[in-house]
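Structure at a glance
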Amino acid sequence: MNSAVIRRLVVTTDLPGRFATAVLLSFCWLAVAVAAAISTGGHASLDSIQQMYEAQIGQSVSWNPPFMSALLGGLGVSRQHGAGLALPLFVAFVCAMLWGSYTLALLSSRARRVPVLGFLLVIVLVTNPVVLLYAGIIWKDVLFAAATALAISLALISLSAGNPCIRLGVAISCAAVLGVLPHIRQQGVVMMPVLLVLPVLAMYWMPRVLWPRRQLLGIGAVLIASLATYTLAKSWAAASIPGNDGRSISVGFNSIYKFDLAGIEAFERNGPLVAMGAGSEALAELRDHYTPERIDFFARSPHLVEFLKGHEEELFAWWRFAVTSFPNAYVTHRKEVLAALFGFAPPLACLPVHLGVDGFEHQMSALQLTPGSDAVDRRLYQLAVPWFGMPPFKHWSYFAAFLLVAAVALLGRRGRTRVVLGIISLTILVFYASFVPTAIACDFRYLFPAIPCLTILAIAVFFQWREAAERSGYQK
């Protein structure tokens, strides 16, 4: 399918660029108001409460990365005032980053004409009720989504700027934001290097540069900014919330190993657990409780948990043995896990959304928070329930939309613009791919960061974003 066919399928008619931009800007800030209003001050789940409690006592008590706990402490969690204003401030922070990123991407595009179908798709993404709900939840997945969207939008601003000073300043800002991503969520480790190519390209393609030395200085400044932010964020989080001691990495990997060992055994008679010497009680629990939807079945399998606990030091070696000895069972297990993650599982098994405040009683009390949900939360949940089985709460729908938008970007653009949009597309694809070997549950929030990234890519594609040197009327 060539670019001409793609354009005929997608571009049936168009709208004046200024009109489309003004309408979309109005929708962006209307969405901020709606998201802030329906957040009712911020929703917090068990993970959120644990991170706020860590911020309060200044000590890691979970295996969550400490950065978000440190951030919540910076937003006002304290021993004297409990949670304080941390919840509403976090919501305001996320809303500003999410819809502010859409605004930056939109302003960097400066489209003359916008295809109607593309415009409608962008409107749907910008006002997505799922994003409106999620912007009010205190989750690291939401923070990661907002920070990644901000980094991409800053990259687009930098690459579309003809002024070298603006281009350099925004590229450094983009690199600084990228340096924080690995500390928010583990997927940042694989996404950061891909996205870092964008501010580097902004320097390499710097307009009106007469000597390569200046390009090298700009690239050096970008790399230093990213490394400095990464190092400072790591040091700050560790100093603010000590005691994690690498649990966010080690516990995460061990959970994957245990989940995969159980999954391979579930699809293979006399599999790795039998080879490890598992007893009949542990194997019976596995047969009765295993599900590819989430790792939580271990909570109902005490003999299985106890058995694996006795092999804690050898988990990786046994996992490697299991994957290489029973590859078909491993692939089947992972395929079922991904199917659930992308929306082919009962929606309530995958936690589509969380509304209200809930956590351990002693942590809630220390934070001066009242557990439960108010009337607005309950009403919102009742409105959301019918949507749980529909495409907005199914990640396969966003992945399909991503493939469509990426195809338009790669087949309908050329030169530097296609390279930039291709890198953004690759970043989204890398994010999805990172869950192929690591997913341990199908909660909707895990793939949520792809939605804002897709939204920015759609804005760039359908609002005719161009790299500075490829805009009409641009003078090198």
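Residues numbered from 1 in each chain as written. Predicted model: local features only at pLDDT ≥ 70, side-chain atom pairs only at ≥ 80, totals over all residues. Heavy atoms only, no water.

Section: the state of the cysteines
For the coordinates displayed, the defined rule picks out one disulfide. Each sulfur of the disulfide joining Cys350 and Cys442 lies 2.0 Å from the other. Taking the torsion about the sulfur-sulfur bond, which here is approximately -90 degrees, the covalent link between Cys350 and Cys442 counts as left-handed. Placement of the pair is Cys350 in the loop between helix H17 (327–341) and helix H18 (361–366) and Cys442 in the loop between helix H21 (415–434) and helix H22 (450–462), with a sequence separation of 92 residues. Side by side, Cys350 and Cys442 carry an identical accessibility label, which is buried. You can see Cys28 has no disulfide; the closest cysteine sulfur is in Cys95, sitting 12 Å from it. With relative accessibility at 0%, the residue Cys28 sits in the buried group. (Disulfide = S-S within 2.5 Å. Helix = DSSP H or I, 4+ residues; strand = E, 2+ residues; numbered from the N terminus. Buried < 20%, exposed > 50% of the residue type's maximum accessible area, 1.4 Å probe, protein only.)

Thoughts on the nonpolar core
Side chains that are nonpolar tend, in soluble globular proteins, to be buried together. Met52, Phe90, Trp99, Tyr134, Leu273 and Phe463 are the most contacted members of the largest nonpolar core, which totals 165 residues. The dominant element in this core, judged by the number of residues it contributes, is helix H8 (residues 140–160), at 15 residues. (Core = buried A, V, L, I, M, F, W, Y, C linked by side-chain atoms within 4.5 Å.)

Overview of the packing of helix H20 (residues 395–412) against H21
Closest axis-to-axis distance for the H20/H21 pair is 9 Å, and the angle between their directions is 160 degrees. Judged on the interaxial angle alone, H21 and H20 are roughly antiparallel. The way H20 lies across H21 gives a crossing that is left-handed. For the pair H20 and H21, the contacting residues are Tyr398, Phe399, Phe402, Ala406, Ala409 and Leu410 in the first and Arg418, Leu421, Gly422, Ser425, Ile428, Leu429 and Tyr432 in the second. Among the residues forming the contact of H20 with H21, the class breakdown is 10 nonpolar, two polar and one charged. (Axes fitted to C-alpha atoms, helices over the stretch in contact; angles between N-to-C directions. Parallel < 35°, antiparallel > 145°, perpendicular 65-115°, else oblique. Left-handed = near helix turned anticlockwise from the far one by under 90°. Contact = heavy atoms within 4.5 Å. Nonpolar A, V, L, I, M, F, W, Y, C, P; charged D, E, K, R; others polar.)

Thoughts on the packing of helix H6 (residues 116–126) against H22
Closest axis-to-axis distance for the H6/H22 pair is 10 Å, and the angle between their directions is 155 degrees. Regarding the angle of H6 to H22, the classification is roughly antiparallel. Crossing handedness for the pair H6 and H22: left-handed. Across the interface between the two elements, Gly118, Leu121, Val122, Leu125 and Val126 from H6 touch Leu454, Thr455, Ala458, Ile459 and Phe462 from H22. Broken down by class, the residue content of the contact of H6 with H22 amounts to eight nonpolar, two polar and no charged.

Let's talk about helix H19 (residues 375–384)
For an α-helix, the turn length of 3.6 residues means that residues three or four places apart are oriented alike. Turning to H19, its buried residues number three or more, namely Asp377, Leu380 and Ala384. Seen along its axis, H19 keeps its buried residues to an arc of 65 degrees; they face one direction. Opposite the buried face of H19, at more than 90 degrees from it, the exposed residues are Ala375, Arg379 and Gln382. Turning to H19, the residues buried within the fold contact helix H2 (17–38) and helix H7 (129–134). (Arc of directions from axis to C-beta.)

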